[in-house]
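One-letter residues, chain by chain:
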Amino acid sequence: MLASNISSQGRSLSSQLFSKRGLSLLRNQCFVDGEWRDAASGDRFEILNPVDRTVIGRVPDMGAADVSSAIDSAHVAFKNGPYSKTTAKERSDFLRNWYNLMNNHSEDLAQILTKENGKSLAESRAEIKYGNSFVEWFSEEARRINGEILQTPVAGRELLLLKEPAGVAALITPWNFPFAMITRKAGAALAAGCTCVIKPSEDTPLTALAMAELAAAAGFPRGTFNVVTTSPKNSALVGKELCENPKVRVMSFTGSTGVGKILYRQCASTMKRLSLELGGNAPFVVFDSADIDLAVSGAMASKFRNTGQACVSSNRFFIHDKIHDDFVAKFVARIKSEIKMGNGCTEGVTHGPLIKESQLNSVSELVNEALSKGAKLHCGGKALPDLGPLFFEATVLTDVTKEMKIYNTEIFGPVAVINKFSNEADVIKEANDTPVGLAGYFYSKDISQVFRVARKLEVGMVGVNEGAISCTEAAFGGVKESGIGREGSHHGIDDFVDIKYVCIGNLVDQK
Ligand code: ADP
């Protein structure tokens, strides 16, 4: 069943590139209304391996009309399909089946992920494990989406709050975590009883299509789980359709702040529920009481995970001047000894390339501008064309000033920008001096300072003496322009349910 649907063209191209196991989940069509479909136009676009820009697949370039049809299927499934009649326990069982299947196929999924995203196999395996933990979590949470019975202020009334699934959910996801960003949204949506239309990034749709294959095998009824793929040419129109189609009731998006703002505006037209996980500009502060080795380990994890392409990546390091030089020396030594860039499929490679040329150009320009204005380079600083067209060295810069673009921009690459500070009030002011607020990290052994600073940082998530903080139990999300809503945790369900108040009046006591 799982190896059913690869066209001969897709198979011959793919079989040269993927192992037999990874191949069994490769799909080159969209999954809509329980079947594999092409775009009505027949158009396709190429998926490239960022390691060497070779073509690893061709998937349908769906337009707004194709996506409207997918929304119709999800809407029919939501209103009248078998999923609309499921109990919470049955939804929990579907999610558990999906979790088990993805667990069994985790190596196949990791291979596909590495091929289309470029991250090392070790990182892909970690993402599959992390991402699948959301499916497991929401299979458990599905059974605890309870309503409330309220105290009534008026005699003879019973007041109930019911939690009902909001409707069709549109999920638009990015390329940096092609698996986990889908499970974090879809797990919650499906647990609540919503049906979904998922639009993965044009750079990494193959992981999403493999997940659809496993969702179908897990038994989700037709129309419940739909995946549509589009090229950049169609993304804006498809996005508009997902935002403005009245049959969609929830828009959940992870991606750039710029696109998030467009979707926010467009969703006003139909007053959709919105969940937006957008960009960050995370501060990483090391106070003079900190354990420097611990802080360096945290910096390695927080800065270089996914080659710096994560919204919770540390973007601005602030190191107390008493320990600054020591921290920089240790950090650079760890980078030189631990980071091995290359093809993510190769044993021993820790970090892959950037995802696309625009990312490479943006990172190179930020570094070059900072160097031209006097920043000091401690390691890295340039592209690595010998490894492939999209590699950029792990880089450390100090003596960065506010006039340099790199100080104020979400870098999204393996570049650490290190600043000095000498007092707590100043560093908190600097850390908060940005319109976004997703994650923030600091290292300190002073317990009063730990509470003070954790409360004062204007972010949605704080790591104290810890550089890798994401887990399914925690509420993930930001403040200010980093977005709206929380994913994961028991709060992750909230975006996908409506609360209905029921007042039963004129109840009569027995005479
Ligand atoms: P990045 O710049 O990191 O690629 P984006 O925010 O552009 O991040 O992309 C995240 C997701 O948003 C992807 O699935 C992409 O296709 C989608 N996207 C990009 N532009 C639009 C748009 N105008 N409307 C809807 N979705 C969009």
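For the structure itself, consult the block above.
Residues numbered from 1 in each chain as written. Predicted model: local features only at pLDDT ≥ 70, side-chain atom pairs only at ≥ 80, totals over all residues. Heavy atoms only, no water.

Colleague: Provide a residue-level description of the site of the ligand, including the pertinent values.
Modeller: Around the ligand sit 17 residues in total, of which T173, W175, K199, E202 and S256 are the nearest. T173 is positioned with one of its backbone polar atoms (N or O) 2.8 Å from an oxygen atom of the ligand. Relative to its unbound accessible area of 550 Å², the ligand is 83% covered by the protein chains. In terms of residues, the shell around the ligand owes the most to one element, helix α9 (residues 232-244), which gives three residues. For the shell around the ligand, the per-class residue count stands at seven nonpolar, seven polar and three charged. (Near = heavy atom within 4 Å. Polar contact = N/O pair within 3.5 Å; in protein donor to acceptor, adjacent residues only side chain to side chain. Areas by Shrake-Rupley, 256 points an atom, 1.4 Å probe, with all protein chains shown as cover. Helix = DSSP H or I, 4+ residues; strand = E, 2+ residues; numbered from the N terminus. Nonpolar A, V, L, I, M, F, W, Y, C, P; charged D, E, K, R; others polar.)

Colleague: Hey, could you go over the sheet that holds strand β22 (residues 497-504) for me, with residue numbers and the actual values?
Modeller: Taken in spatial order, the three strands make up an open sheet running β5-β6-β22, and their pairing is antiparallel. Strand pairing shows two members of the sheet lacking a second neighbour, β5 (148-150) and β22, which therefore form its edges. Each adjacent strand pair in this sheet contributes to an overall mean axis angle of 25°, direction not counted. Direction of pairing for strand β6 (residues 158-165) relative to β22: antiparallel, over a ladder of eight bridges. Residue pairing for β22: L160 is matched across the bridge by V502. (Pairing = 2+ DSSP bridges. Axes fitted to C-alpha atoms, helices over the stretch in contact; angles between N-to-C directions.)

Colleague: Can you lay out the packing of α9 against helix α10 (residues 257-267) for me, pointing to particular residues and giving the numbers?
Modeller: It is at 8 Å that the axes of α9 and α10 come closest, and there the two elements cross at 40°. Classified by the angle between their axes, α9 and α10 sit oblique to one another. Crossing angle aside, the handedness with which α9 passes α10 is right-handed. Residues G239, K240, C243 and E244 of α9 touch α10, and the partners they reach there are L263, Q266 and C267. For the contact of α9 with α10, the residue count by class is three nonpolar, two polar and two charged. (Parallel < 35°, antiparallel > 145°, perpendicular 65-115°, else oblique. Left-handed = near helix turned anticlockwise from the far one by under 90°. Contact = heavy atoms within 4.5 Å.)

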